[in-house]
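Listed below, chain by chain, are the residues.
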Amino acid sequence: MFLGYHLGLAKPVYLALCAVGLLLGVVALVLSLRRRSRVRALLSERLAPKLAPGVSEWRPAVQGGLYGLGLLLFGFALAQPQCGSKSELTKRKGIDVVVVLDASKSMLARDVQPSRLERAKLELATLLDELKGDRVGLVVFAGDAFIQSPLTSDYSAVKLFLRAVDPEQMPQGGSNIGSALTLARQVLDNADRGAKERVIVLLSDGEDLFGEVREATDQLKDGNVQVLAIGVGSESGEPIPIYNRRGEFVDYKKDTNGETVITRMDRAGLSAIAAATGGEFFYQPRGVAMGQVVERIDKMQKSELESRVTMRYDERFQDYAVAGLVLLTAGMLLVPSSRRRPS
């Protein structure tokens, strides 16, 4: 604080450029003094103007000083000096989105490159990059479901939780979509200052081995929660690869009869989930139809999720940048010496 005003620098790292400018000015002065000493050592002060006409002893120092001071001011401008502040009421509007991600072993199938799960995680990262102000939660499921991330507007944290999803770490095998949808509903119901529009984005191949979906969709419909279901995988089917601890392919998953297990995307099941909740089913062959989901979310009604008072500091970099530009221009216009014919 100075005279009641807040003083600070937004990016103090650029002060290093100020040091460079100061060093340049000092070097220019030292070189000028050395040059003056050498001239005086060779020529007397009376003969110097005749034998070396137009050669200035101080102009190089002045020019270097202008460059140095100009850089110093530019460095200070880049550090973004701030003087004074004012409070502003910031409101954040959006919707509540819970992503339900299938992490069962069938999501290791590679009919979508590099695998169903890895492609789904990549597309979810794209979704997080596109959202603006919405709160996002993450529920992961296989045979059981758990909350990987609560509702938050910190998309970077959600991405970290997303990268940690691994079918090999799931406590129970299988695929229980109904349990995951029920848990996602609980995440939305427990949200502080919930949004008017609430959405569940379900990414799965649709295989459900527990049959609890009907009860879950009835609860979601009563709570006015839409499910945007995204089908991942092919309808023709794909075997499920098995990897060892080093991540090397070993074999394909077999059933009790020794037959290779084929996993297929259940379009009908996912479409039924979306329709039962007033949502929509999205599918893109050999990919993930995330772009359409983003468009659907953008069209939804945004509500105020958070309001808080923030401090906004007054930037003063413009004055220093203009002054630095003037000094650099003056340095370029200044000629170190003016040659003229001796009389």
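Treat the numbers as computed from the prediction; the structure is a model and nothing was measured. (Residues numbered from 1 in each chain as written. Predicted model: local features only at pLDDT ≥ 70, side-chain atom pairs only at ≥ 80, totals over all residues. Heavy atoms only, no water.)

**Topic: the pattern of salt bridges**
Then comes step 1: Taken as a whole, this structure holds 13 salt bridges when the rule is applied.
Then comes step 2: A salt bridge links Arg116 to Asp205; the nearest nitrogen and oxygen atoms lie 3.0 Å apart. Residue Arg116 is found in helix α4 (residues 116–130), and its partner Asp205 is found in the loop between β6 (198–204) and α7 (213–222); the two are separated by 89 residues along the sequence. Note on accessibility: Arg116 and Asp205 belong to one class, buried.
Then comes step 3: Between Asp189 and Arg185 there is a salt bridge, with the nearest N and O atoms lying 2.7 Å from each other. Note that Asp189 and Arg185 are positioned in helix α6 (residues 177–189) at a spacing of 4 residues, about one turn of the helix.
Then comes step 4: Of the residues examined, Arg185 reaches a relative accessible area of 19% and is grouped as buried.
Then comes step 5: Salt bridges linked by common partners bring Asp111, Arg116 and Asp205 together as one network. (Salt bridge = Lys/Arg side-chain N within 4 Å of Asp/Glu carboxyl O. Helix = DSSP H or I, 4+ residues; strand = E, 2+ residues; numbered from the N terminus. Buried < 20%, exposed > 50% of the residue type's maximum accessible area, 1.4 Å probe, protein only.)

**Considerations on the sheet that holds strand β4 (residues 135–141)**
Then comes step 1: Spatially, the 6 strands line up as an open sheet ordered β5-β4-β3-β6-β7-β12, and their pairing is mixed. Edge positions in the open sheet fall to β5 (145–152) and β12 (280–283), since each of these has one partner strand only. Direction aside, the axes of adjacent strands within the sheet are offset by 15 degrees on average.
Then comes step 2: Across 6 bridges, the pairing between strand β3 (residues 96–102) and β6 is parallel. Bridging across to β6, Val98 finds its partner in Ile200. (Pairing = 2+ DSSP bridges. Axes fitted to C-alpha atoms, helices over the stretch in contact; angles between N-to-C directions.)

**What about the nonpolar core?**
Then comes step 1: Counting 35 residues, the largest nonpolar core has Val99, Leu101, Val201, Leu203, Met290 and Ile297 as the members making the most contacts within it.
Then comes step 2: Breaking this core down by element, the ones donating at least two residues are β3, α4, β4, α5 (155–163), β6, β7 (225–231) and α9 (290–298).
Then comes step 3: When residues of this core are assigned to their parent elements, the largest contribution, 5 residues, is made by α4.
Then comes step 4: Here Leu101 is in contact with Leu117, Ala120, Lys121, Leu124, Leu138, Val139, Val140, Phe141, Leu162, Val165 and Leu203, once residues within four sequence places are set aside. (Core = buried A, V, L, I, M, F, W, Y, C linked by side-chain atoms within 4.5 Å. Contact = heavy atoms within 4.5 Å.)

**As for the environment of Val158**
Then comes step 1: Positionally, Val158 belongs in helix α5.
Then comes step 2: Between the alpha carbons of Val158 and Val136 there is a distance of 7.7 Å; along the sequence they are 22 residues apart.
Then comes step 3: In contact with Val158, other than residues within four places in its own chain, are Leu128, Val136, Ser149 and Thr152.

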